[in-house]
Amino acid sequence: MTSPEQPQPAEWWRSAVFYEIYVRSFADSNGDGLGDLPGVRSRLTYLRKLGVDAIWLTPFYPTPDADHGYDVADYTDVDQRFGTLGDFDALVADAHELGLRIVVDIVPNHTSSEHPWFRNALSRPDHPDRSRSVFRPRRDGSPPNNWPSVFGGRAWTLDERSGEYYLHLFSPGQPDLDWHNETVRRDFERILRFWLERGVDGFRIDVAHALFKDAELRDEREPFHVTAFSSDWRAAIDQPEVHPLYRSWRTLADSFADERVLIGEVVFSDPRRIAQYVRADELHLAFNFALLFAPWDAAAMRAAVDATLAALADVGATATWVLENHDVTRLPTRYGGGRDGPRRARAAVLLLLALPGAAFLYAGQELGLEECELEDEHRHDPIFVRTGGLRKGRDGCRVPLPWDEAAPAFGFTSGTSWLPMPASFGALSVAVQDADEASMLALYRAALALRPELTGELGWRDSPDGSLVFERGSVICAVNLDGDPLGLPGGEVLLVSEPLEEDRLPAGAAAWIRVSSGDVSADAR
């Protein structure tokens, strides 16, 4: 990671490691059970020691919490539960002093139903703010079309006063904005400028692919598919109008010094669709979920890597890699739980951080936290509510971080944490792992410290079934997913996720090996 005394590298974002902080679950400074900005500020030295380059903060804006902050009631302020604008400014200043960059979430697809724009829209049909949202009359007594909500149920809610419906791709508390409206576009340029002038280093753009909807609001083809990528089959999104918008945002970001970055949450399974958002004059980076959704299978993972690199090479863009975030099951659980899950998660981080491009980590991933099972009365996610419990939602990956061994809140808060924390978190806490050289935390720190040695393009090496072996510069990454013990190429073993067995890499393990220049591109043994 760049130290504060060193000049900042050009195009720093191309190889950066971003650390996602789910603000309400990271660190609580005042004992109310919710994480906050002063809490984040108090833990910056931990992040500096971890070795990440940038912090991505999830929404901290005023919100009634229809979707845990992704329903914004004021885009240019801080929710009083999370602090003040002064706290935000102090956080940015301290982070920059430590050489850490700050990226904030921006939520442009929809507002909160409590946002003044939408409250004005409901006040009377002829209010000027009504055109900021998508209101349409009934169709034969029913909603205007058949669009489903991502969170379950219809994507339309009736405004009883006017008899019209309003659109919400997510919950009714998140009415969609009409991006065909020039006023909306001007408003968001002002909002982006507000935060850029406060020193943020960039934005993560929520639902970046869906801002513009089909202007004719045509029905989606039925039956609707059940898939991790619901955006794959939605014809109403991914509209061509979104690209000129991002070109204008890129111009704005580039007008500020120190290379501000725009990162799109673009959720498609086909990386060729993602590539259209990261052409040279549009977004700098876009999330790539191909590896995240790949099973623990060597062929599937290699296919995800190859497809991503090929698609982005066509537009000269940088790949991004992620295995966890605030919307998906924690990695050790997703990889099987029990003994295998944590072991595979350790190996996966060496794969993730060896790949060329930018990497994203999720707070708690470096501790090996597993998905938490919660009683129904503790679940807050609108997915759980709107599906009547058929889908459990995302609360299990949002349980607060354990900082020490003291139950029940493990150093996260002096009060009662907003989601209950399991007793097992004590053994996984930062304090415990900090003292253990074989811990997951130690592995992450070591990998992040060594990561700058992996340079250049990826070159695959031949390897047995069930394994992946590739080189980047003078370092080889070997991952044995489920094959026989794997012989390693000659050289210096820099890092292993599990102890070698008679100089061979066991299943469910990964290693980084530094080789001499003469050994680069030699066949793996």
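Residues numbered from 1 in each chain as written. Predicted model: local features only at pLDDT ≥ 70, side-chain atom pairs only at ≥ 80, totals over all residues. Heavy atoms only, no water.

### Details of the packing of aromatic side chains
- Evaluated as defined, the whole model comprises 33 aromatic pairs.
- Where Trp-179 meets Trp-249, the ring centres are 6.1 Å apart and the plane angle is 65 degrees; that geometry is what we call edge-to-face. In this pair, Trp-179 is assigned in the loop between β6 (164-167) and α5 (182-197) and Trp-249 in helix α6 (residues 242-254), connecting sequence segments 70 residues apart.
- The class for Trp-249 is buried, based on a relative accessible area of 3%.
- Between Phe-287 and Phe-360, the aromatic rings sit 4.6 Å apart at their centres with planes inclined by 50 degrees, giving tilted as the arrangement. On the criterion of sequence distance, the pair formed by Phe-287 in the loop between β9 (285-286) and α8 (298-313) and Phe-360 in strand β11 (residues 358-362) is long-range, its members being 73 residues apart. By the burial criterion, Phe-287 is buried, and Phe-360 matches it.
- Cation over ring: Arg-43 sits above Trp-403, and NZ or CZ is 3.9 Å from the ring centre.
- A cation over a ring is seen here: Arg-130 above Phe-135, with NZ or CZ 3.7 Å from the ring centre. (Phe/Tyr/Trp six-rings, centres within 6.5 Å; stacked < 30°, edge-to-face > 60°. Helix = DSSP H or I, 4+ residues; strand = E, 2+ residues; numbered from the N terminus. Buried < 20%, exposed > 50% of the residue type's maximum accessible area, 1.4 Å probe, protein only. Lys NZ or Arg CZ within 6 Å of the ring centre and 35° of its normal.)

### Digging into the packing of α5 against α6
- The interhelical angle for the contact between α5 and α6, taken along N-to-C directions, is 30 degrees, at an axis separation of 11 Å. As far as their axial angle goes, α6 and α5 are roughly parallel. Crossing handedness for the pair α5 and α6: right-handed. Of the residues in α6, those touching α5 at Arg-185, Phe-188, Glu-189, Leu-192, Arg-193 and Leu-196 are Leu-245, Trp-249 and Leu-252.
- When its residues are assigned to classes, the contact of α5 with α6 shows 6 nonpolar, no polar and 3 charged. (Axes fitted to C-alpha atoms, helices over the stretch in contact; angles between N-to-C directions. Parallel < 35°, antiparallel > 145°, perpendicular 65-115°, else oblique. Left-handed = near helix turned anticlockwise from the far one by under 90°. Contact = heavy atoms within 4.5 Å. Nonpolar A, V, L, I, M, F, W, Y, C, P; charged D, E, K, R; others polar.)

### Re the side chain of Ser-149
- One can find Ser-149 in the loop between β4 (135-136) and β5 (156-159).
- In this structure the side chain of Ser-149 is engaged in a polar contact, spanning 3.0 Å, whose partner is the backbone nitrogen of Phe-151.
- For Ser-149, the side chain forms a polar contact with the main-chain oxygen of Phe-170, separated by 2.7 Å.
- When near neighbours in sequence (up to four residues on either side) are disregarded, Ser-149 contacts Arg-154, Ala-155, His-168, Leu-169, Phe-170, Arg-234 and Arg-386. (Polar contact = N/O pair within 3.5 Å; in protein donor to acceptor, adjacent residues only side chain to side chain.)

### Brief notes about unusual backbone geometry
- Along the chain, Glu-222 connects to Pro-223 via a cis peptide bond; the corresponding omega equals 5 degrees.
- Position of Pro-223 among the secondary structure elements: in the loop between β7 (202-205) and α6.
- Going from Ala-407 to Pro-408, the amide bond is cis rather than trans, its omega being 5 degrees.
- Structurally, Pro-408 is set in the loop between α11 (382-386) and α12 (430-434).
- If you check the backbone angles, Asp-65 has positive phi at about 70 degrees while not being a glycine.
- Counting through the fold element by element, Asp-65 comes out in the loop between β2 (54-57) and α3 (85-97).
- A positive phi is found at Phe-410, a non-glycine position, where the angle reads about 50 degrees.
- With respect to the helices and strands, the residue Phe-410 is situated in the loop between α11 and α12.

### Comments concerning the environment of Asp-214
- Within the secondary structure, Asp-214 sits in the loop between β7 and α6.
- When its relative accessible area of 7% is taken as the criterion, Asp-214 is described as buried.
- Each C-alpha atom, one on Asp-214 and one on Ala-235, is 7.7 Å from the other, the two residues being 21 residues apart in sequence.
- In this view, Asp-214 contacts Trp-147, Ala-236 and Gln-239; residues no more than four positions away in its chain are not counted.

### Section: the state of the cysteines
- In this structure the tally under the stated criterion is 0 disulfides.
- Left without a disulfide partner, Cys-372 is nearest to the cysteine sulfur of Cys-397, which lies 9.3 Å away. (Disulfide = S-S within 2.5 Å.)

### What about the sheet that holds β5?
- Strand order in the open sheet formed by 3 strands is β4-β6-β5, with antiparallel pairing between adjacent strands. Of all the strands in the sheet, the pair left with one neighbour each is β4 and β5.
- In the sheet, β5 pairs with β6 via 4 bridges, with the strands oriented antiparallel. Bridge pairing in β6 links Thr-157 to Tyr-166. (Pairing = 2+ DSSP bridges.)

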